[in-house]
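Descriptive analysis of the structure
What follows is the residue order along each chain.
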Amino acid sequence: MQNKNFIPTTGFLRLPAVLSFIPVSKSTWWAKVKTGEFPKPVKLGKNTTAWRAEDIRALIAEFK
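Read on for a plain summary of the structure.

About the criteria used
Residues numbered from 1 in each chain as written. Predicted model: local features only at pLDDT ≥ 70, side-chain atom pairs only at ≥ 80, totals over all residues. Heavy atoms only, no water. Buried < 20%, exposed > 50% of the residue type's maximum accessible area, 1.4 Å probe, protein only. Helix = DSSP H or I, 4+ residues; strand = E, 2+ residues; numbered from the N terminus. Arc of directions from axis to C-beta. Contact = heavy atoms within 4.5 Å. Core = buried A, V, L, I, M, F, W, Y, C linked by side-chain atoms within 4.5 Å. Polar contact = N/O pair within 3.5 Å; in protein donor to acceptor, adjacent residues only side chain to side chain. Pairing = 2+ DSSP bridges. Salt bridge = Lys/Arg side-chain N within 4 Å of Asp/Glu carboxyl O.

**Points about helix H3 (residues 53–63)**
Listing the buried residues of H3 in full gives Ala53, Ile56, Leu59 and Ile60. For H3, the angular spread of the buried residues around the axis is 125 degrees, confining them to a single face. Considering only its buried residues, H3 is in contact with strand S1 (12–13), helix H1 (15–21), helix H2 (26–35) and strand S3 (48–52).

This is the structure:
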């Protein structure tokens, strides 16, 4: 079983996982992505959007 509070070193995180580490609403998240404050997503498929784990780790490090 994977630890819920674990961010992989590499790979991708979907939005619910990202928001479990960065406590903002979906609309706030997308607004900040649009302004460039948060990392750009990666399209993995037609209906699949994710963020690089490395980018989320870097974002969290900025807040510490």
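**Comments concerning the nonpolar core**
Residues Ile7, Val18, Ile22, Trp29, Phe38, Trp51 and Ile56 are the most contacted members of the largest nonpolar core, which totals 14 residues. Elements with a contribution of two residues or more to this core: H1, H2 and H3. Here this core takes four residues from H3, the largest share from any one element.

**Overview of the environment of Leu13**
For Leu13, the position within the fold is in strand S1. The exposure class assigned to Leu13 is buried, which follows from its relative accessible area of 8%. Distance in space between the C-alpha atoms of Leu13 and Ala50 is 5.3 Å, their sequence separation being 37 residues.

**Brief notes about the side chain of Thr49**
Here Thr49 shows up in strand S3. By relative accessible area, which is 18% here, Thr49 ends up buried. A distance of 3.5 Å separates the side chain of Thr49 from the side chain of Lys43, its partner in a polar contact. Setting aside chain neighbours within four positions, we find Thr49 in contact with Arg14, Trp30, Pro41, Val42 and Lys43.

**Quick look at the pairing of S3**
Within a regular strand, the side chains alternate between the two sheet faces. When S1 meets S3, the two strands line up antiparallel, connected through two bridges. When the bridges of S3 are listed, Phe12 appears paired with Arg52. Following strand S2 (residues 42–45), the chain reverses through two residues before pairing antiparallel with S3.

**Some points on the pattern of salt bridges**
The full count for this structure, using the stated rule, is one salt bridge. For Glu37, the salt bridge is made with Lys32, and the minimal N-O distance between the two is 3.2 Å. On the basis of relative accessibility, which here comes to 47%, the residue Glu37 falls in the partly exposed class.

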